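# Structural overview for review
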Amino acid sequence: MKPDPWVLEIYLTHRSALVDYAVPIVGCRARAEDVVQDAFLRYSAQQAVGMADGTSDGTSDSGQAIAHPVSYLYRIVRNLALDGLRRSAVSGEAADEAALARLPTATATPEQTTLDRDRLRLLAEALTELPERTRIAFDMHRIEGRSLQDVADRLGVSVVRAHQLVKDALRHASLRLDDEDRDAPSLPRKPARGDR
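Residues numbered from 1 in each chain as written. Predicted model: local features only at pLDDT ≥ 70, side-chain atom pairs only at ≥ 80, totals over all residues. Heavy atoms only, no water.

Attention now goes to the overall build of the protein chain. For the protein chain, the count of helices and strands is eight helices and zero strands. Beginning at the N terminus, the succession of helices and strands in the protein chain can be written as α-α-α-α-α-α-α-α. Across the 196 residues of the protein chain, 30% fall into the buried class. For the protein chain, the share of sequence-separated contacts (at least 6 apart) that also reach a separation of at least 24 residues comes to 55%. Counting every atom, the protein chain has about 13200 Å² of accessible surface; 52% of that belongs to carbon and sulfur. (Helix = DSSP H or I, 4+ residues; strand = E, 2+ residues; numbered from the N terminus. Buried < 20%, exposed > 50% of the residue type's maximum accessible area, 1.4 Å probe, protein only. Contact = heavy atoms within 4.5 Å. Areas by Shrake-Rupley, 256 points an atom, 1.4 Å probe, with all protein chains shown as cover.)

Pasting the structure below:
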């Protein structure tokens, strides 16, 4: 059965990034390409089963709709890569514990979770400091995903002004987060774009 063009488009769009994701896990670009291709075949076959069952919206193994197909494809790649490492370890191929320890984890460390919560708290505080129209524009556009035209219509301003309000909110939040980073010298700072 021929793969769904939508599934093929997702694969072709993200293939290179998926291979790059798999390389550190399997340790070899050729193996990573094999893993990504196998992941695509599994995902495509699963979509075909969904179509045969009349659920062409794409479902996972549990029968639930796949809300984020790209993330799901990354998960398939990760699982197949890890399975390949386990098989090679059992068969006696070179796979050491240090390689497994270097694998990216799906969950954040407790320290990262704490840092992320602090940054979210700072962001929430920064947004409460904004004028009401600026906060509404930010919420509608960045949180709710509404278009700038929707924001402009709701606030009774031009699209250009709605865009400026969103930019003002982002600038204010960014400055507040930067101020906090400067006040906390023990926290590692991410390099700015010009620093790379």
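So, next bit.
One finds Val35, Val36, Ala39, Tyr43, Leu73, Ile76 and Val77 to be the most contacted residues of the largest nonpolar core, which totals 22 residues. Elements with a contribution of two residues or more to this core: α1 (5-26), α2 (29-52) and α3 (69-91). The residues touching Ile76, leaving out its near neighbours within four places in the chain, are Ala39 and Tyr43. With eleven residues, the next largest nonpolar core counts Leu148, Ala152, Ala162 and Val166 among its residues. (Core = buried A, V, L, I, M, F, W, Y, C linked by side-chain atoms within 4.5 Å.)

Along the chain, Ala32 turns up in helix α2. Considered as a pair, Ala32 and Ala81 are 49 residues apart in the sequence and their alpha carbons are 7.5 Å apart. Residues in contact with Ala32, not counting those within four places in the same chain, are Val19, Ala22, Val23 and Val26.

Counted under the stated rule, the structure contains nine salt bridges. Among the ionic pairs, Asp20 bridges to Arg29, the shortest N-O distance being 3.1 Å. Linking Arg86 and Asp83 is a salt bridge whose minimum nitrogen-to-oxygen distance equals 3.0 Å. Separated by three residues within a single helix, Arg86 and Asp83 lie in helix α3, roughly one turn from each other. (Salt bridge = Lys/Arg side-chain N within 4 Å of Asp/Glu carboxyl O.)

Bringing the packing of aromatic side chains into the picture now. Per the counting criterion, the structure on display carries two aromatic pairs. Taken together, a centroid distance of 5.1 Å and an interplanar angle of 75° make the contact between Tyr21 and Tyr74 edge-to-face. Of the two residues, Tyr21 sits in helix α1 while Tyr74 sits in helix α3, which places them 53 residues apart along the sequence. Exposure remark for Tyr74: the relative accessible area of 23% places this residue in the partly exposed category. Relative to Tyr72, the ring of Tyr43 has its centre 6.0 Å away and its plane inclined at 55°; by these criteria the two rings are tilted. You can see Tyr43 sitting in helix α2 and its partner Tyr72 sitting in helix α3, a full 29 residues away along the chain. Tyr43 gets classed as buried once you look at its relative accessible area, which sits at 1%. Under the relative-accessibility criterion, Tyr72 is labelled buried at 9%. (Phe/Tyr/Trp six-rings, centres within 6.5 Å; stacked < 30°, edge-to-face > 60°.)

Purely geometric stuff here, so don't read any function into it on its own.
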